[in-house]
Amino acid sequence: MSDFNQKLNPPPFKIKVIEPIKKTTRGERRKWLEEAGYNFFNIAAENIYIDLLTDSGTSAMSDYQWAGIMMGDESYAQCKNFFNFQGIIRDITGYKYVIPTHQGRSAENLICYAFDLDHTKITVSNQFFDTTRANIEISGARALDFVIQEAYKPSLIHDFKGNIDTMALENTIQNEGNVSLIILTVTNNAGGGQPVSLANIAEVSKIAKKNNIPFFLDAARFAENAYFIKLREKEYQHLSPKEIAKKMFSYANGCIVSAKKDGLVNIGGFIALNDEQIYRRITERMTVMEGFPTYGGLAGRDLEAIARGLTEVLQEDYLEYRHQQLEYLGKGLEKAEVPFLKPVGGHSINIDAKSFLPHIPQSQFPGWALTVALYEYYGIRAAELGSVAFGRQQEDGKWIFPELEQVRLAIPRRVYSQEHLNYVIDSVVDLYKNRTKITGMKITYDPGVLRHFTARFIPIVKE
Ligand code: F0G
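The rules behind each value
- Residues numbered from 1 in each chain as written.
- Predicted model: local features only at pLDDT ≥ 70, side-chain atom pairs only at ≥ 80, totals over all residues.
- Heavy atoms only, no water.
- Phe/Tyr/Trp six-rings, centres within 6.5 Å; stacked < 30°, edge-to-face > 60°.
- Helix = DSSP H or I, 4+ residues; strand = E, 2+ residues; numbered from the N terminus.
- Buried < 20%, exposed > 50% of the residue type's maximum accessible area, 1.4 Å probe, protein only.
- Lys NZ or Arg CZ within 6 Å of the ring centre and 35° of its normal.
- Contact = heavy atoms within 4.5 Å.

Another aspect to go through is the packing of aromatic side chains. Taken as a whole, this structure holds 20 aromatic pairs when the rule is applied. A ring pair is formed by Phe40 and Tyr375, whose centres lie 5.7 Å apart and whose planes are at 85 degrees; its orientation type is edge-to-face. Linking Phe40 in the loop between α1 (26-35) and β1 (50-51) with Tyr375 in helix α14 (residues 366-378), this pair joins segments that are 335 residues apart in sequence. Here the aromatic rings of Phe82 and Phe85 are separated by 6.4 Å at their centres, their planes lie at 35 degrees, and the arrangement is tilted. Of this pair, Phe82 and Phe85 both sit in helix α3 (residues 80-93), three residues apart, roughly one helical turn. The pair Phe82 / Phe85 is uniform in exposure class, with both members buried. Of note, Lys342 hangs over the ring of Phe340, and the distance from its end group to the ring centre comes to 4.5 Å. The ring of Tyr432 carries the charged tip of Arg435 above its face, separated from the ring centre by 3.9 Å.

Shown next as structure tokens:
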């Protein structure tokens, strides 16, 4: 007998408030799908049973955070919640200047401005998240991804598939000469929530220093990354997640953060850094388009909820539970040989739709077809990261399809129970067994850019 029975990984919290979710019929869902042009962005959220579209802004807050909401000081400038927010972020990151923003993408926009990005500049990452890339490209600069090659092999097991290829980074710096900013995304969302090792972060830091290039972390999921380091990088296993997070930040010059993930809140973000000049540039700009530097587009109560969320997310029992929840989902799917990106990521399971539906060619959008079937049969919403999201149609009408065709099941934090996960496992496995019945999709309206938000489809009916 042990001092605590961990076998079943029970959550380190209990339920105080519930939010009803609706069990609907397949007939109803077929009708809604048809009306929505088979696009989830047109389906009312209340008609979804399990929502795995994203882990962003979907966390359940704790009683401690809700109590903090009541402590909101809504003064325009210098509200007391800002000082708590600043203190906690300084403590975790070690950076002197802390700037709140309304979410991650405005932090990205401000950084692009502050570093004067334009068409003469290059930025490099392991893999930029879509909005980071979009902000950089709007500024005119180029955004290059150099995640290690292992990241592109879905079934290959590797401890740190989010690592950047440091050789490719160095070569680009030498050959191009105008690399102006390096950003490591931790964990690497575009690559399925795969972690970056401290060794890799340290190496990038060395290269950045040697070449005098600013180095930032896109740290939306910094706590999940820290926990992977604790589990997989032996020399750090004796450290707490907070100590590891501090180390991660210590190697970079600053960070941009969407607090909607590891901040355990529904809205918010921040920038933290040491460089006073860059800090000044950001605060000048943000006052015009984001808000005064002590609130940055947020209410005082939001700042308090983020401050409290950031302390909770680093608690080891929470991170252990979070990690185990993802592992549990992965094991359930693996048992039935459902193909997905290995190893299990920090916040999502990414199903390999090409292998799941080998009978559907990419020109018929297998990832999209899979998300439609998941909703039609089981009321589950997932996100397509495949031909619809990333495919490009050339001027001659020819399509260029992405290498990976994925469907992301992102797990909101502290929201779904093991019973919900059992429902998801059972549904995906059932669908896998019946996969030959799933047919491809045809686009009936294609807006071209940001297709997944507004495109319309019809299922291809079998002859
Ligand atoms: N960086 C990363 C790594 C992200 O995953 C996101 C958002 C952002 C930046 C932008 O932050 O949404 O607060 O403006 N990811 C969400 C997702 C949208 O579903 O993965 P934001």
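What follows concerns unusual backbone geometry. The step from Val186 to Thr187 runs through a cis peptide bond, and the omega angle for that step is -20 degrees. The backbone of Tyr38 shows a phi angle near 55 degrees, a positive value even though the residue is not glycine. As for its placement among the helices and strands, Tyr38 is situated in the loop between α1 and β1. Its relative accessible area of 10% is what places Tyr38 among the buried residues. Of note, Arg414 is a non-glycine position whose phi angle comes to about 60 degrees, a positive value. Locating Arg414 in the fold gives a position in the loop between β14 (406-410) and α16 (418-433). The buried category is assigned to Arg414, whose relative accessible area is 15%.

Position of Leu374 relative to the elements: it lies in helix α14. Under the relative-accessibility criterion, Leu374 is labelled buried at 0%. A C-alpha to C-alpha distance of 33 Å links Leu374 and Leu231, two positions 143 residues apart in sequence. Not counting chain neighbours up to four residues away, the residues in contact with Leu374 comprise Gly379, Ile380, Ala382, Leu409, Val428 and Leu431.

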